[in-house]
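# Geometric and topological summary
The residues making up each chain are set out below.
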Amino acid sequence: MVQEISLMLLTYIVLATFAGGLLSVLVAASLTVGVLSRLVKSLVSLSAGILLGTSLLNVLPEAFESKTASPQMLFAALLGGLLFFWLLEKVELYRHVHHHEGDGHDHHHHFDADQAGKGGLAVLVGDGIHNFCDGVIIAAAFLADAKLGMATALAIVAHEIPQEVGDFIVLLNAGLSRRRALLFNALSGLASVIGGVLGYFLIGNFEGVLPYLLVLASSSFIYISVADLLPQLQQRLAWRDTLAQVAWLAVGLALAFAVSELLHGAH
């Protein structure tokens, strides 16, 4: 019975980590570049709401309910996580991309057609590291609570789709073919599955680290939202566009709140 539950949990982790990469590739493959550019702008607002709501309403409360770690140590881990992701972004190893300025195509990746191959490799490596970390985060959340794992996976997928679609647009602008750009996105998505599987087998033997991993997951979500996504929304826009941003942000928060109510109801 225990073995069946473990196998089911591993299956959930694999499916959840695979979902983000698969959905982003499907979205990118089915729409034109112009539609994708407009879609990403809406998804940025939605994912900001989901990430903030999930981190503050779901993941952090779950970590602080643990009796294996003191609040002081968990807050220290939160502070350390925020600084860690800031430093990683400083050295451009952890690119959370997509500052859609002007025409919507400035993504912190500065490529030209002559360097398309190198640009594609940079996106593949950078996103691979990012997706691997996401996979470990999803595994940690599932090991803590299956419903929390679902909520965390939803938040990561919500961010993954606009990120991968944005990278797809960058690769096309760099001169890569549509098929090759989709292949790069798919390969980077596999790193999330690898991170999830490794996380399942390694974290399961050290349950005491789960609260800290959940706090690190929250710090990642908060940093992405505050340092990357929300600044993109701080533009002078027409009132209808501003209302659309607020509406999508509210939808993201509402989804996270609904999941929070579901989790507390389960307890």
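Not measured: the values here are computed from a predicted model. (Residues numbered from 1 in each chain as written. Predicted model: local features only at pLDDT ≥ 70, side-chain atom pairs only at ≥ 80, totals over all residues. Heavy atoms only, no water.)

Helix length check: helix 3 (residues 71-90), at 20 residues, gives a terminal C-alpha distance of 29 Å against a target of 28 Å (1.5 Å per residue), a fit within 8%. Here helix 3 has its buried residues at Leu-74, Ala-77, Leu-78, Gly-81, Phe-85 and Leu-88. An end-on view of helix 3 places all buried positions within 105° of arc, on one side of the element. With respect to the buried face of helix 3, the exposed residues turned more than 90 degrees away are Gln-72, Phe-75, Leu-79 and Lys-90. (Helix = DSSP H or I, 4+ residues; strand = E, 2+ residues; numbered from the N terminus. Expected span 1.5 Å × (residues − 1). Buried < 20%, exposed > 50% of the residue type's maximum accessible area, 1.4 Å probe, protein only. Arc of directions from axis to C-beta.)

Time to look at the packing of aromatic side chains. This structure, assessed with the given rule, holds 4 aromatic pairs. Note on Phe-64 and Phe-75: the rings are 5.0 Å apart at their centroids and 55° apart in plane angle, and the pair reads as tilted. Of this pair, Phe-64 sits in helix 2 (residues 33-64) while Phe-75 is found in helix 3, placing the two residues 11 residues apart along the sequence. (Phe/Tyr/Trp six-rings, centres within 6.5 Å; stacked < 30°, edge-to-face > 60°.)

What follows covers the confidence of the model for the protein chain. Across the protein chain, the average pLDDT comes to 77, with 79% of residues at or above 70. Looking across the protein chain, the model is least confident in helix 4 (residues 116-144), with a mean pLDDT of 74, and most confident in helix 3, with 89. (pLDDT = per-residue confidence, 0-100.)

Residues Phe-18, Leu-22, Leu-23, Leu-26, Leu-183, Leu-187 and Leu-190 make up a contiguous nonpolar surface patch of roughly 600 Å² in combined accessible area. Listing elements by their share of the nonpolar patch, those giving two or more residues are helix 1 (2-30) and helix 6 (178-203). Residue placement: Leu-23 occurs in helix 1. (Patch = residues over 30% accessible without salt bridge, like charges linked within 9 Å, V, L, I, M, F, W, Y side chains within 5 Å. Areas by Shrake-Rupley, 256 points an atom, 1.4 Å probe, with all protein chains shown as cover. Salt bridge = Lys/Arg side-chain N within 4 Å of Asp/Glu carboxyl O.)

Looking now at the environment of Ser-45. Along the polypeptide, Ser-45 turns up in helix 2. The class for Ser-45 is buried, based on a relative accessible area of 1%. Ignoring sequence-local partners within four residues, the contact set of Ser-45 consists of Leu-233, Gln-245, Trp-248 and Leu-249. (Contact = heavy atoms within 4.5 Å.)

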